[in-house]
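Tertiary structure, described
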Amino acid sequence: MIKKLKSIQDLVQLQTTLVAEQESFTRTVAICEGTGCYAYKSSVVADAFVEELKKLKLDRTIQVRRTGCHGFCERGPMAKIFPEKVFYFQVKPEDVPEIVEKTLVHNEYVERLLFLDEKTGKRCPHQHEIPFYQLQNQVVFGKNVLISPKNIEDYIVAGGYSALAKVLSKMSPVDVLEEVKKADLRGRGGGGFPAGVKWETTRNATGEPKYVIVNADEGDPGAYMDRSILEGNPHSVLEGLMLGGYAIGSTQGFIYVRQEYTTALENLPIAIAQAKQLGLLGENILGSGFNFDIIIHQGAGAFVSGESSALMSAIEGKVGEPRPKYIRTAIKGVWDRPSNLNNVETWANVPLIINEGAEWFRSLGTEGSKGTKIFSLVGKVKYTGLVEVPMGVTLRQIVFDVGGGIRNNKQFKAVQTGGPSGGCIPEKYLDLPVDFDELTKVGSMMGSGGMIVMDEDTCMVDVAKYFTNFLGDESCGKCIPCREGLRQMKRILKDITEGNGQESDLEVLEQLGGFMKAAALCALGQTAANPVLSTMKYFREEYEAHVRDKQCPAKVCQKLIIYLIDPEKCLACGICLKQCPTEAILGEKKVVHIVNQEKCIKCGTCYQVCPSKIGAVTKLAGGPAPEPVAYGTPVVKKERAK
Amino acid sequence: MVQLEPAPKVGAVSDNVDYRTLDEIIDGYSADPSMLIQILLDVQKKMHWLSKPTLRRISARLQVPLTRITRIATFYTMFSLKPQGRNSVQVCTGTACHVRGATELLTRTENVLGLKPGETDEEMKFTLKTVNCLGCCALGPVMTMGGAYHSNPSVADLKGLANALE
């Protein structure tokens, strides 16, 4: 049974004991069980390690740790062996006995599971040798590999709750506030508002009680930084929130989590219960007289609920809609009480600032943006994953050095940043440093950290339509500019991508965008036109091709493109014919297959299943479809081959 | 004054609603109106949809007007006011999946199941949904069927997966 900690001395004592216990293990195998790796069935790999170690009676000296996300999602499931920090990728359960035998018993590498650096042709055994990690500085995210999120002891061993202890013993609330202000920590949710200034507003506002809130309603599709922190290191967020509560003068915290984040919702209540058991949360924390409690609220699937005033309405049990913020939520928030809201990543930075000091924090990053930022690097990039870099690293470094460039040797086209409120940045701006201010100058923003890489096969009009549809679905409908503006934009973009666009449409889109920017109620509406405006600015020729020529140059828009089978290449193997869901392909043995355009639903099955060495299925950017060869035309290539 | 419908006896089962389970959920939150969304989420999870008698019961127990509950139940995407199939099929249409071919995957899935997003088949076997992000972008385009993740399945894969489920 865990004993309640009654003083700071007790916490130090516990940490010493736990560190000693850890030292009885000579080795640790950390397996990522974040959502990405979980989908790759990493739990089965972890089970295999436990079993194999037991079988060889090594389980007393070698421990298996099931951790949160390690970041390199492209190569999951991952196993990292400590203290050597040997990193194995794409581990299958059948690889486990070999890893145990070779690496854990005989100190040798299993070469084929090590990362292969394509540039040098060498295998990289350790994290610091892998290009994906070389530019990174994982100050916030790096502890994930050291911690089982379901075990508070791991967090304490890694130095957890020492910031809380420091604050309760040596710092006044104002000291904490000043330290955060001095560090110039800006809100990581996208707004970039200085956290310390916001804290001070809430601290000085009249009204009791005051509330502190974690915004974990990370709704940008394709972005999962906050989820991975909450899942993998929930105590860092709890500790940050408590420090904020102490500085602001609040004893009640809320965490508002998206309902979709099942693992986070599983790990958070465990973390809170364990912290309470140890006396790190609740009444009279560590005998200091400071009380603090945390309540978890689940979202129910609404993008707009991540907006601060909407989120606070949802906490009150009302519909999560924004309200005009003539009076800021920092002054009148939940139940009209002063309420300070920051996102997960912002809170997770606070214990670091307290432990390492504001000066250390300021040594990272750029003039206006201090610290590091976690990005979710996804899309057509070679190495999908979570990347934590100091602010000010360029887009090119993130996409090409960390991310390894574009998949399948395709051409880079754009990177979309800032989620649905952001914009698409073309190649010519790739050398911009990424921070709160620079990307805004080119019509996008850093936002909460989503980075979707697009290549030559991505249609920018389709991307604009995608975001407009998304925002149209998610608009709460309260104000007219957002509700009706998006509706009209959706209609126009649908027409354009279906070949019914007119020259005047582009002008109307620009006008609507300007109007929404100026007149919408909340940030969602004010920024909703960004995807359309930025793609029109940088990729206008693509819009014009859709409107004038009725063609989709990237061959994406389903209503415009045409699938064809090249009679010169078709071997009449029948694979596409069998798989076509609408029987739109005609053919038989030794007879060239033909696509019946009237039946084709453009699902891409034939394109997907045609073996790559044959590559007979092609796409055309637009119609009209050329006359197919006569039915019964014999296969060419096969005879030539003979 | 809010007009409340007479609440059925505690624990009674009528209108095909399991009032016992429903009351347990409500009591778990001490019938606190500020916990309305949390209660609806729990009910949705246990019963897979929100029927009209269920909403009426919640209204009566929480003393919250039915119109307000309906507004919340229709605002959020997690709630369904129609019965759901035994297996949920979710096609991710997050941005990362979108640029990697989620539209084609959705078209294939629609065709194999004979359903459009939001629809449930007559045998109540499948409900097809699109979701904004499943958070495993490295697998994109990705979908889940019967709780398991599948990366860019072909028509043949989809047919196999669909047939393997009850």
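The structure displayed is predicted, hence computed values, not measured ones.

**Notes on the overall build of chain B**
Across its full length, chain B carries seven helices and six strands. Put simply, chain B runs from its N terminus to its C terminus through helices and strands in the order β-β-α-α-α-α-β-α-α-β-β-β-α. Judged by the C-alpha coordinates and their principal axes, chain B covers about 55 × 30 × 25 Å. Split into buried and exposed, the 166 residues of chain B put 52% on the buried side. Within chain B, residue pairs in contact and separated by at least 24 positions form 62% of the contacts whose partners lie at least 6 positions apart. Per element, the accessible surface of chain B, about 7700 Å² overall, is 51% carbon and sulfur. Within chain B, the 16 negative side-chain charges are centred at a point lying 3 Å from the centre of the 18 positive side-chain charges.

**Section: the overall build of chain A**
From N to C terminus, chain A includes 25 helices and 19 strands. Taking 26 Å as the expected radius of gyration for a compact globule of 642 residues, we find that chain A reaches 27 Å, a close match to that expectation. By principal-axis analysis of the C-alpha atoms, chain A measures approximately 90 × 65 × 40 Å. Expressed as a percentage of the 642 residues in chain A, the buried residues total 59%. For chain A, the accessible surface area stands at approximately 25400 Å², while carbon and sulfur atoms represent 50% of it. Here chain A holds 77 positive side-chain charges and 76 negative ones, and the gap between their average locations is 2 Å.

**A few points about the packing of aromatic side chains**
Residues and elements named next belong to chain A. Enumeration according to the criterion identifies 25 aromatic pairs over all chains in this entry. With a centroid separation of 5.3 Å and 85° between ring planes, the pair formed by Phe72 and Tyr383 is classed as edge-to-face. With a gap of 311 residues between them, Phe72 in the loop between β2 (62-67) and β3 (79-82) and Tyr383 in the loop between β11 (372-379) and β12 (385-390) connect regions that are remote in the sequence. Pair check on accessibility: Phe72 and Tyr383 agree, each one buried. Aromatic ring contacts, followed pair by pair, group Phe72, Phe87, Phe89, Phe115, Phe132, Tyr133 and Tyr383 into a single cluster. Its end group placed over the ring of Tyr261, Arg227 keeps NZ or CZ at 5.8 Å from the ring centre. Across from the ring centre of Tyr607, 4.7 Å away, lies the NZ or CZ of Lys619, which sits over that ring.

**What to know about the packing of helix α10 (residues 225-232) of chain A against helix α14 (residues 344-356) of chain A**
Residue and element names in this part refer to chain A. α14 packs onto α10 with a crossing angle of 50° between their chain directions and a minimal axis gap of 9 Å. Classified by the interaxial angle, the pair formed by α10 and α14 is oblique. Residues Asp226, Ile229 and Leu230 of α10 form the contact with α14, whose participating residues are Val344, Glu345 and Ala348.

**A closer look at the pattern of salt bridges**
Residues and elements named next belong to chain A. Counted according to the given criterion, the structure contains 41 salt bridges over all chains. Here Asp293 ties to Lys276 by a salt bridge, and the two come within 3.1 Å at their closest N and O atoms. Pair noted here: Asp293 is in strand β9 (residues 293-298) and Lys276 is in helix α12 (residues 262-277), with a separation of 17 residues, a long-range link. Judged by its relative accessible area of 27%, Asp293 is partly exposed. The class of Lys276 is partly exposed, set by a relative accessible area of 33%.

**As for the interface of chain B and chain A**
The figure often quoted for interface size is the accessible area lost as the parts come together. Counting from both sides, the interface comprises 41 residues of chain B and, opposite them, 61 residues of chain A. The junction of chain B with chain A conceals about 4100 Å² of combined surface from both sides, 58% of it contributed by carbon and sulfur atoms. Taken as a group, Phe75, Thr95 and Val99 of chain B account for 15% of the area that chain B buries against chain A, more than any other trio of residues on that side. For the pair chain B and chain A, the interface holds one salt bridge.

**Considerations on the sheet that holds strand β14 (residues 423-426) of chain A**
Residue and element names in this part refer to chain A. The five strands lie next to each other as β12-β11-β15-β13-β14, forming an open sheet whose pairing is mixed. The open sheet has two free edges, formed respectively by β12 and β14, since each of these has just one partner strand. Within the sheet, the average angular offset between the axes of one strand and its neighbour, ignoring direction, is 30°. Relative to β14, strand β13 (residues 412-417) is paired through four bridges, and the arrangement is antiparallel. Counterpart to Val415 in the pairing with β14 is Ile425. Contacting β13, β14 and β15 (450-455), helix α17 (residues 460-474) crosses the sheet at an angle of about 15° to β13.

**Quick word on the side chain of Thr527 of chain A**
When you line up the elements, Thr527 of chain A lands in helix α20 (residues 523-527). Polar side-chain contacts of Thr527 of chain A include one of 3.0 Å to the side chain of Ser421 of chain A.

**Considerations on the packing of α17 of chain A against helix α22 (residues 540-548) of chain A**
Packed helices, taken two at a time, are described by the angle between their axes plus the distance between the axes. Residue and element names in this part refer to chain A. Contact pair α17 / α22: the axes reach a minimum separation of 8 Å and the direction vectors enclose 95°. Accordingly, the angle class assigned to the pair α17 and α22 is roughly perpendicular. Residues Met460, Val461 and Ala464 of α17 form the contact with α22, whose own contacting residues are Glu542, Tyr543 and His546. Of the residues assigned to the contact of α17 with α22, the class counts are four nonpolar, one polar and one charged.

**Details of helix α3 (residues 52-62) of chain B**
Residue and element names in this part refer to chain B. Burial of α3 is extensive: eight of the 11 residues sit out of reach of the surface. Listed in full, the buried residues belonging to α3 are Pro53, Thr54, Leu55, Arg57, Ile58, Ser59, Ala60 and Leu62. Those residues of α3 hidden inside the fold are in contact with β2 (17-18), α1 (19-28), α2 (36-47) and α4 (66-75). Backbone geometry just downstream of α3 places Gln63 in the positive-phi region, at approximately 60°.

**Quick notes on a nonpolar patch on the surface**
A contiguous nonpolar patch, built from Tyr326, Ile327 and Ile331 of chain A and spanning about 350 Å² of accessible area, is present on the exposed surface. Note that Tyr326 of chain A resides in the loop between α13 (308-315) and β10 (339-343).

**Topic: the environment of Lys143 of chain A**
All names here are of chain A. Relative to the assigned elements, Lys143 resides in the loop between α5 (131-134) and α6 (152-157). Overall, the relative accessible area of 26% leaves Lys143 in the partly exposed class. For the pair Lys143 and Asn233, spaced 90 residues apart in sequence, the C-alpha separation works out to 7.4 Å. Those residues within four positions of Lys143 in sequence are excluded, and the remaining contacts are Ala158 and Asn233.

**Some points on the state of the cysteines**
Residues and elements named next belong to chain A. Within this structure, the stated rule accounts for zero disulfides over all chains. Sulfur of Cys522: no disulfide; nearest cysteine sulfur belongs to Cys476 and is 6.5 Å away. Here Cys580 stays free of any disulfide, with the sulfur of Cys603 as its closest cysteine sulfur at 6.1 Å. Overall, the relative accessible area of 13% leaves Cys580 in the buried class.

**Focus on the nonpolar core**
All names here are of chain A. Ranked by internal contacts, the top residues of the largest apolar core, which has 121 residues, are Phe72, Ile130, Tyr161, Trp199, Leu238, Leu280 and Phe292. A per-element tally of this core places helix α11 (residues 234-248) first, with eight residues. Beyond its immediate stretch of four places on either side in the chain, Phe292 contacts Val212, Leu241, Met242, Gly245, Ser250, Thr251, Gln252, Gly253, Leu281, Gly282 and Ile285. Formed by 52 residues, the second largest nonpolar core is a distinct cluster that contains Ala528, Ala554, Cys580 and Val609.

**Thoughts on the confidence of the model for chain B**
Scored by pLDDT, chain B comes out at a mean of 88, with 91% of its residues at no less than 70. Among the scores for the predicted complex, ipTM is 0.85 and pTM is 0.90.

**Here's the deal with helix α6 (residues 102-113) of chain B**
Residues and elements named next belong to chain B. The end-to-end C-alpha separation of α6 is 16 Å, in line with the 16 Å expected for 12 residues at 1.5 Å each. Within α6, nine of the 12 residues are buried, leaving the element largely enclosed by the surrounding structure. Of the residues making up α6, those classed as buried are Ala102, Glu104, Leu105, Leu106, Thr107, Arg108, Thr109, Glu110 and Leu113. Once α6 ends, the next one or two residues include Gly114, with phi positive near 70°.

Calculation notes
- Residues numbered from 1 in each chain as written.
- Chains lettered and ligands numbered in written order.
- Predicted model: local features only at pLDDT ≥ 70, side-chain atom pairs only at ≥ 80, totals over all residues.
- Heavy atoms only, no water.
- Helix = DSSP H or I, 4+ residues; strand = E, 2+ residues; numbered from the N terminus.
- Buried < 20%, exposed > 50% of the residue type's maximum accessible area, 1.4 Å probe, protein only.
- Contact = heavy atoms within 4.5 Å.
- Areas by Shrake-Rupley, 256 points an atom, 1.4 Å probe, with all protein chains shown as cover.
- Lys, Arg positive; Asp, Glu negative; His and termini not counted.
- Charge placed at Lys NZ, Arg CZ, Asp CG, Glu CD.
- Rg over C-alpha atoms; globule rule 2.2 N^0.38 Å.
- Phe/Tyr/Trp six-rings, centres within 6.5 Å; stacked < 30°, edge-to-face > 60°.
- Lys NZ or Arg CZ within 6 Å of the ring centre and 35° of its normal.
- Axes fitted to C-alpha atoms, helices over the stretch in contact; angles between N-to-C directions.
- Parallel < 35°, antiparallel > 145°, perpendicular 65-115°, else oblique.
- Salt bridge = Lys/Arg side-chain N within 4 Å of Asp/Glu carboxyl O.
- Buried area = accessible area lost by both parts, 1.4 Å probe.
- Pairing = 2+ DSSP bridges.
- Polar contact = N/O pair within 3.5 Å; in protein donor to acceptor, adjacent residues only side chain to side chain.
- Nonpolar A, V, L, I, M, F, W, Y, C, P; charged D, E, K, R; others polar.
- Patch = residues over 30% accessible without salt bridge, like charges linked within 9 Å, V, L, I, M, F, W, Y side chains within 5 Å.
- Disulfide = S-S within 2.5 Å.
- Core = buried A, V, L, I, M, F, W, Y, C linked by side-chain atoms within 4.5 Å.
- pLDDT = per-residue confidence, 0-100.
- Expected span 1.5 Å × (residues − 1).

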